[in-house]
Amino acid sequence: WCSCVCCTVTATDMGLTDRLRGRTSHQIKYEITVFRAYNVVPGVRSLRAVFRKSHKGLDTTMSPVQQGEAVWNEVISLRTTLYKNFKTGVFDAKPTNVILKELSPTTGREVEFASYKLDLSKIVPPQDTPDSHAYIELKLPMSQSNRTLPTHLHCALRSHWAVAEDG
């Protein structure tokens, strides 16, 4: 939040000032390379990967599933604010839902096929300098309701401290 009256009143009205007291905000940019989904269960014809934090989402194109695999090799970027506790030096959790959506053969609409909860606060650059970054390659085990599927999403996340030009 900035210090203008509008934002101060809004933050107070929403009850956010107490929750954020004792924390510093940090802008982080994530570049997510979505490689492929593999071990896709039979019957799924095409998939789209969606990374959703709160109500905002970023997604890949729809990719056909061939021999149990959907391939993207696409990069999507997201910028987010993380809050760091003054006393502990630990970032608050930033849950992001990673969702695989498929085209329903009956309705032709996209429906959720599987998902995974990813915490972006665990992938933070080590120092608050412009050239500092963190990189991790992940093979996320996808699940449907409470059931783990053989399907995995192979992706890589690169994070760095956001600067004004990052948009």
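For the structure itself, look to the data block above.
Let me begin by describing the structure that accompanies this report. (Residues numbered from 1 in each chain as written. Predicted model: local features only at pLDDT ≥ 70, side-chain atom pairs only at ≥ 80, totals over all residues. Heavy atoms only, no water.)

### As for the overall build of the protein
Secondary structure summary: the protein contains two helices and nine strands in total. Reading the protein from its N end, one meets helices and strands in the order α-α-β-β-β-β-β-β-β-β-β. Split into buried and exposed, the 167 residues of the protein put 40% on the buried side. Restricting the contact set of the protein to residue pairs at least 6 apart, pairs at least 24 apart contribute 64%. A total accessible area of about 9800 Å² is found for the protein, and carbon and sulfur atoms account for 51% of it. (Helix = DSSP H or I, 4+ residues; strand = E, 2+ residues; numbered from the N terminus. Buried < 20%, exposed > 50% of the residue type's maximum accessible area, 1.4 Å probe, protein only. Contact = heavy atoms within 4.5 Å. Areas by Shrake-Rupley, 256 points an atom, 1.4 Å probe, with all protein chains shown as cover.)

### Structural notes on the environment of aspartate 59
Its location among the elements puts aspartate 59 in strand 3 (residues 56-59). Separated by 11 residues in sequence, aspartate 59 and arginine 48 have C-alpha atoms that sit 6.9 Å apart. Each residue touching aspartate 59, except ones within four places of it in the same chain, is listed here: Arg48, Ala49, Val50 and Ile76.

### Some remarks on the pairing of strand 1 (residues 23-38)
Here 15 bridges tie strand 1 to strand 5 (residues 69-85), and the two strands are oriented antiparallel to one another. Paired with tyrosine 30 across the strands is leucine 78, a residue of strand 5. Bridging between strand 1 and strand 9 (residues 147-161) involves 10 bridges; their strand directions are antiparallel. Along strand 9, the bridge assignment pairs glutamate 31 with arginine 158. (Pairing = 2+ DSSP bridges.)

### Description of the packing of aromatic side chains
One pass over the structure, following the stated rule, counts one aromatic pair. Look at phenylalanine 91 and tryptophan 161: their rings are 6.5 Å apart centre to centre, the planes differ by 40°, and that puts the pair in the tilted class. Taken together, the residues span a long stretch of sequence, with phenylalanine 91 in the loop between strand 5 and strand 6 (95-103) and tryptophan 161 in strand 9 at a distance of 70 residues. Tryptophan 161 carries the same exposure label as phenylalanine 91, and that label is buried. (Phe/Tyr/Trp six-rings, centres within 6.5 Å; stacked < 30°, edge-to-face > 60°.)

### What to know about unusual backbone geometry
Positive phi is not limited to glycine here, since glutamine 67 has a value of about 50°. By the element assignment, glutamine 67 lies in the loop between strand 4 (63-66) and strand 5. With a relative accessible area of 86%, glutamine 67 lands in the exposed category. The phi angle at serine 145 is positive, at roughly 55°, despite the residue not being glycine. Positionally, serine 145 belongs in the loop between strand 8 (133-144) and strand 9.

### Side note on the pattern of salt bridges
One pass over the full model with this rule turns up five salt bridges. In this structure, the salt-bridge partner of arginine 48 is aspartate 59, at a minimum N-O distance of 3.8 Å. With a gap of 11 residues between them, arginine 48 in strand 2 (residues 46-53) and aspartate 59 in strand 3 connect regions that are remote in the sequence. Of the residues examined, arginine 48 reaches a relative accessible area of 16% and is grouped as buried. Residue aspartate 59 is classed as partly exposed on the basis of its relative accessible area of 40%. Arginine 48 is the salt-bridge partner of glutamate 110, the closest N and O atoms lying 2.8 Å from each other. Residue glutamate 110 is found in strand 7 (residues 110-119), and its partner arginine 48 is found in strand 2; the two are separated by 62 residues along the sequence. (Salt bridge = Lys/Arg side-chain N within 4 Å of Asp/Glu carboxyl O.)

These values are about where atoms sit, not about what they do.
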